[in-house]
Amino acid sequence: MAEIEIDTPLLDYGLDSVRSAELVIDLERAFSIEISDEEASTLHTARAVIDCVSAKTGQAAVRRAKVGA
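Basis of the calculations
Residues numbered from 1 in each chain as written. Predicted model: local features only at pLDDT ≥ 70, side-chain atom pairs only at ≥ 80, totals over all residues. Heavy atoms only, no water. Core = buried A, V, L, I, M, F, W, Y, C linked by side-chain atoms within 4.5 Å. Buried < 20%, exposed > 50% of the residue type's maximum accessible area, 1.4 Å probe, protein only. Helix = DSSP H or I, 4+ residues; strand = E, 2+ residues; numbered from the N terminus. Contact = heavy atoms within 4.5 Å. Salt bridge = Lys/Arg side-chain N within 4 Å of Asp/Glu carboxyl O.

## Some details on the nonpolar core
Here is a general trend for soluble globular proteins: nonpolar side chains tend to be buried in one another's company. Counting residues in hydrophobic clusters, the biggest one holds 11 residues: L10, L15, V24, L27, I33, I35, A40, L43, V49, C52 and V53. Elements that contribute at least two residues to this core include exactly α1 (17-31) and α3 (46-68). When residues in this core are grouped by element, the largest group, three residues, is from α3. Setting aside chain neighbours within four positions, we find V49 in contact with L10, L23, L27 and L43.

Set out below in C-alpha coordinates:
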(Lines give C-alpha, C1' and ligand atoms only; values in the text may rest on other atoms or scores of the structure.)
Protein backbone atom coordinates (compact mmCIF):
# COMPACT_ATOMS: atom_id res chain seq x y z
CA MET A 1 0.00 0.00 0.00
CA ALA A 2 1.41 3.37 -1.02
CA GLU A 3 1.86 6.10 1.57
CA ILE A 4 0.10 9.40 1.09
CA GLU A 5 2.06 12.56 1.74
CA ILE A 6 -0.11 14.79 3.90
CA ASP A 7 0.47 17.97 1.86
CA THR A 8 0.49 16.49 -1.64
CA PRO A 9 -2.57 17.52 -3.66
CA LEU A 10 -5.09 14.69 -3.76
CA LEU A 11 -5.35 15.27 -7.52
CA ASP A 12 -1.83 13.80 -7.73
CA TYR A 13 -3.31 10.54 -6.37
CA GLY A 14 -6.10 10.49 -8.95
CA LEU A 15 -8.86 12.09 -6.87
CA ASP A 16 -11.05 13.66 -9.54
CA SER A 17 -14.30 15.56 -8.96
CA VAL A 18 -16.43 12.39 -8.86
CA ARG A 19 -14.14 10.65 -6.40
CA SER A 20 -13.92 13.84 -4.36
CA ALA A 21 -17.71 13.94 -4.02
CA GLU A 22 -17.69 10.27 -3.02
CA LEU A 23 -15.00 10.99 -0.42
CA VAL A 24 -17.10 13.75 1.14
CA ILE A 25 -20.16 11.48 1.29
CA ASP A 26 -18.09 8.69 2.84
CA LEU A 27 -16.61 11.06 5.43
CA GLU A 28 -20.05 12.42 6.32
CA ARG A 29 -21.38 8.89 6.85
CA ALA A 30 -18.34 7.54 8.68
CA PHE A 31 -18.09 10.44 11.12
CA SER A 32 -21.75 11.54 11.28
CA ILE A 33 -20.85 15.05 10.15
CA GLU A 34 -21.98 17.47 7.46
CA ILE A 35 -19.50 19.03 5.05
CA SER A 36 -20.81 21.97 3.04
CA ASP A 37 -20.04 22.35 -0.65
CA GLU A 38 -17.87 25.35 0.25
CA GLU A 39 -15.89 23.28 2.76
CA ALA A 40 -15.61 20.38 0.34
CA SER A 41 -14.09 22.67 -2.26
CA THR A 42 -11.15 23.32 0.09
CA LEU A 43 -10.26 19.66 0.68
CA HIS A 44 -7.25 19.53 -1.63
CA THR A 45 -4.81 17.62 0.60
CA ALA A 46 -4.95 14.87 3.20
CA ARG A 47 -4.08 17.53 5.81
CA ALA A 48 -7.13 19.57 4.79
CA VAL A 49 -9.35 16.48 5.06
CA ILE A 50 -7.95 15.60 8.48
CA ASP A 51 -8.32 19.18 9.73
CA CYS A 52 -11.91 19.38 8.50
CA VAL A 53 -12.97 16.07 10.03
CA SER A 54 -11.13 16.86 13.28
CA ALA A 55 -12.86 20.21 13.55
CA LYS A 56 -16.26 18.70 12.76
CA THR A 57 -15.93 15.78 15.15
CA GLY A 58 -14.63 18.08 17.88
CA GLN A 59 -17.66 20.32 17.41
CA ALA A 60 -19.96 17.30 17.54
CA ALA A 61 -18.34 16.10 20.76
CA VAL A 62 -18.79 19.50 22.34
CA ARG A 63 -22.47 19.58 21.31
CA ARG A 64 -23.04 16.08 22.72
CA ALA A 65 -21.34 17.03 25.98
CA LYS A 66 -23.53 20.12 26.37
CA VAL A 67 -26.71 18.16 25.68
CA GLY A 68 -25.71 15.42 28.11
CA ALA A 69 -24.72 17.86 30.86
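Let's pick the thread back up.
## Details of the pattern of salt bridges
Under the definition given, this model contains two salt bridges. Measuring nitrogen to oxygen at the nearest pair gives 2.6 Å for the salt bridge that ties R47 to D7. Of this pair, R47 sits in helix α3 while D7 sits in the segment before α1; the two residues are 40 residues apart in sequence, bridging distant segments of the chain. When its relative accessible area of 47% is taken as the criterion, D7 is described as partly exposed.

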